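Fold and contact review
Next come the chains, spelled out residue by residue.
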Amino acid sequence: LAQIYLDEKGDYDGAIREFENVLAMPENQQLVYKQFAVVYMNLGHAYYEKGSSLVQKDQAAATQSFSKAIQNLQVAKQNIRFFPNDSFDEATHDTYYYTALAYHKLYLITRKTNILNNANLAWREYFDFFPKKLEGNSAFEQTRDSAQKYWDQIKNL
């Protein structure tokens, strides 16, 4: 349900609510860092999208959403080894990509040097850990080209 809210409906609050409901279920409390590591990636993605939708309307709320995105994506990044095998490369890509984007947009709002440093590190990690299996896939190649343009905006600041 959360994935439908995120991908098909663009209802980021609904997606966040459903992803958080999955993580809050008592039976998932002990397994969350293993079986549900990819949920943190999806929750981070949802917070990133929410932040992006708020940038023009409410920068304080956008800042909070980008920070929550980073927090959840960091948990996902620490537990990549538990991502499902059938979507491992895509989930790994998205974890690094949305982490870099969230730092990037957070920097554009705050203009804080430490966030700029984190954004540059996140972009470097994205390119260093770009899954080999996704090379040649046109959708992911386009994403990588866009990522390079984003990084070029801040790389030498």
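Throughout this document, residue positions are counted from 1 along each chain, in the order its sequence is written. Totals for whole chains, interfaces and linings use every residue, but because this is a predicted model, local features are given only for residues with pLDDT of at least 70 and side-chain atom pairs only at 80 or more, for both listing and counting. As a convention, hydrogens and water are excluded, and side-chain values are obtained from all of the structure's heavy atoms.

Some thoughts on the environment of R17
Stated precisely, the cut-off is as follows: Only DSSP runs of H or I with at least four residues qualify as helices, and only runs of E with at least two residues qualify as strands; both kinds are numbered from the N terminus onward. Classification of residues uses two cut-offs on accessible area relative to the type maximum, computed with a 1.4 Å probe and protein chains only: under 20% is buried, over 50% is exposed, and between them is partly exposed.
The residue R17 is located in helix 2 (residues 12-24) in this model. Residue classification places R17 among the partly exposed positions, given a relative accessible area of 41%. Between the C-alpha atoms of R17 and N72, which are 55 residues apart in sequence, the distance is 14 Å.

Things to note about the packing of aromatic side chains
Selection rule: Aromatic rings from Phe, Tyr and Trp, with only the six-membered ring used for Trp, were paired whenever their centres fell within 6.5 Å, and each pair was classed as stacked if the ring planes differed by under 30 degrees, edge-to-face if by over 60, and tilted otherwise. Geometrically, a charge over a ring is one whose NZ (Lys) or CZ (Arg) sits within 6 Å of the ring centre while staying within 35 degrees of the ring normal.
Taken as a whole and assessed by the stated rule, the structure comprises 12 aromatic pairs. With centroids separated by 5.5 Å and ring planes inclined at 50°, the aromatic side chains of Y48 and Y98 adopt a geometry described as tilted. Linking Y48 in helix 3 (residues 37-54) with Y98 in helix 5 (residues 88-110), this pair joins segments that are 50 residues apart in sequence. Y98 sits in the buried class, given a relative accessible area of 12%. Centroid distance W123 to Y150: 6.1 Å. Interplanar angle 10°. Geometry classified as stacked. Taken as a pair, W123 in helix 6 (residues 113-128) and Y150 in helix 7 (residues 138-154) lie far apart in primary sequence, 27 residues in all. The class of W123 is buried, set by a relative accessible area of 0%. A residue is classified by how much of its surface remains accessible, and Y150, at 25% relative accessible area, is partly exposed. Positioned above the aromatic ring of F130 is the side chain of R144, whose terminal nitrogen or guanidinium carbon lies 4.4 Å from the ring centre.

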